[in-house]
Amino acid sequence: MNKYESIYILRPTMEEEAIKAMVEKFTNLITAEGGQVENVEEWGKRRLAYPIQKFREGYYVQMNFSASPELPKELERNYRITDDVIRYIIVRDDD
């Protein structure tokens, strides 16, 4: 099991309940695939460095998790097909 860190940015126009559901969706995906979520930190709305899809703000969420090497590919596929995710990054955490 490798350690990973993922940060994704959600649309700022989403409702509070929709944001909670989206965060829960991605954490459940990791646990369903045999991974282990260590930390989920919601940073909230922040100004973007440059406009993305005509948005100047985004809702940032950071996740730390342990998983097999195949899981980040599945997580990235889910980020890509979810319309409410405007940017994401997954990096392997080498301590």
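Just so it is clear, the model here is predicted, and its values are computed rather than measured.

**What to know about the side chain of serine 66**
Part 1 of the reasoning: Structurally, serine 66 can be placed in strand E3 (residues 55–67).
Part 2 of the reasoning: Among the residues examined, serine 66 registers a relative accessible area of 9% and is labelled buried.
Part 3 of the reasoning: Polar contacts involving the side chain of serine 66 include one to the side chain of glutamate 38, which spans 2.4 Å.
Part 4 of the reasoning: Those residues within four positions of serine 66 in sequence are excluded, and the remaining contacts are Met1, Asn2, Lys3, Gly35, Gln36 and Glu38.

**Digging into the environment of asparagine 64**
Part 1 of the reasoning: Here asparagine 64 shows up in strand E3.
Part 2 of the reasoning: In sequence terms asparagine 64 and threonine 82 are 18 residues apart; their C-alpha atoms lie 20 Å from each other.
Part 3 of the reasoning: When residues no more than four places from it in sequence are discounted, the contact partners of asparagine 64 are Tyr4, Glu5, Val37, Glu38 and Asn39.

**Comments concerning the packing of helix H1 (residues 16–32) against helix H2 (residues 71–81)**
Part 1 of the reasoning: One way to put it is that H1 packs onto H2 with a least axis distance of 10 Å and a crossing angle of 155 degrees. With respect to H2, the element H1 is oriented roughly antiparallel. As H1 packs across H2, the resulting crossing turns out to be right-handed. In contact with Phe26, Leu29 and Ile30 of H1, H2 contributes Leu71, Glu74, Leu75, Asn78 and Tyr79.
Part 2 of the reasoning: When its residues are assigned to classes, the contact of H1 with H2 shows six nonpolar, one polar and one charged.

**Observations regarding unusual backbone geometry**
Part 1 of the reasoning: The phi dihedral of glutamine 53 is positive, around 50 degrees, even though this residue is not glycine.
Part 2 of the reasoning: Locating glutamine 53 in the fold gives a position in the loop between strand E2 (36–52) and E3.
Part 3 of the reasoning: One non-glycine residue, lysine 54, lies in positive phi territory at about 70 degrees.
Part 4 of the reasoning: With respect to the element layout, lysine 54 can be found in the loop between E2 and E3.

Rules used in this analysis
- Along each chain, residues carry numbers from 1 onward, in the same order as the chain's sequence is written.
- The model is predicted, so local features are restricted to residues of pLDDT at least 70 and side-chain atom pairs to those at 80 or more, both for listing and for counting; the totals for chains, interfaces and linings are taken over all residues.
- Excluded from the side-chain calculation are hydrogens and water; included are all heavy atoms of the structure.
- Per the convention used, a helix needs a DSSP run of H or I reaching at least four residues, while a strand needs a run of E reaching at least two, with both numbered from the N terminus.
- Residue exposure (1.4 Å probe, protein chains only): buried if accessible area is under 20% of the type maximum, exposed if over 50%, otherwise partly exposed.
- N or O atoms within 3.5 Å of each other form a polar contact, as long as, within protein, one can give a hydrogen and the other can take it, and as long as residues adjacent in sequence are counted only when both atoms are side-chain atoms.
- Contacts between residues were defined by any pair of non-hydrogen atoms, one from each residue, lying within 4.5 Å.
- Lines fitted to the C-alpha atoms define the axes, with helices restricted to the stretch that makes contact. Angles between their N-to-C directions range from 0 to 180 degrees.
- By definition in this entry, angles of less than 35 degrees are roughly parallel, angles greater than 145 are roughly antiparallel, angles of 65 to 115 are roughly perpendicular, and the rest are oblique.
- Crossing chirality is assigned from the near helix's rotation relative to the far helix, an anticlockwise turn below a right angle marking it left-handed and a clockwise turn marking it right-handed.
- Classification convention: Asp, Glu, Lys, Arg as charged; Ala, Val, Leu, Ile, Met, Phe, Trp, Tyr, Cys, Pro as nonpolar; all other residues, Gly among them, as polar.

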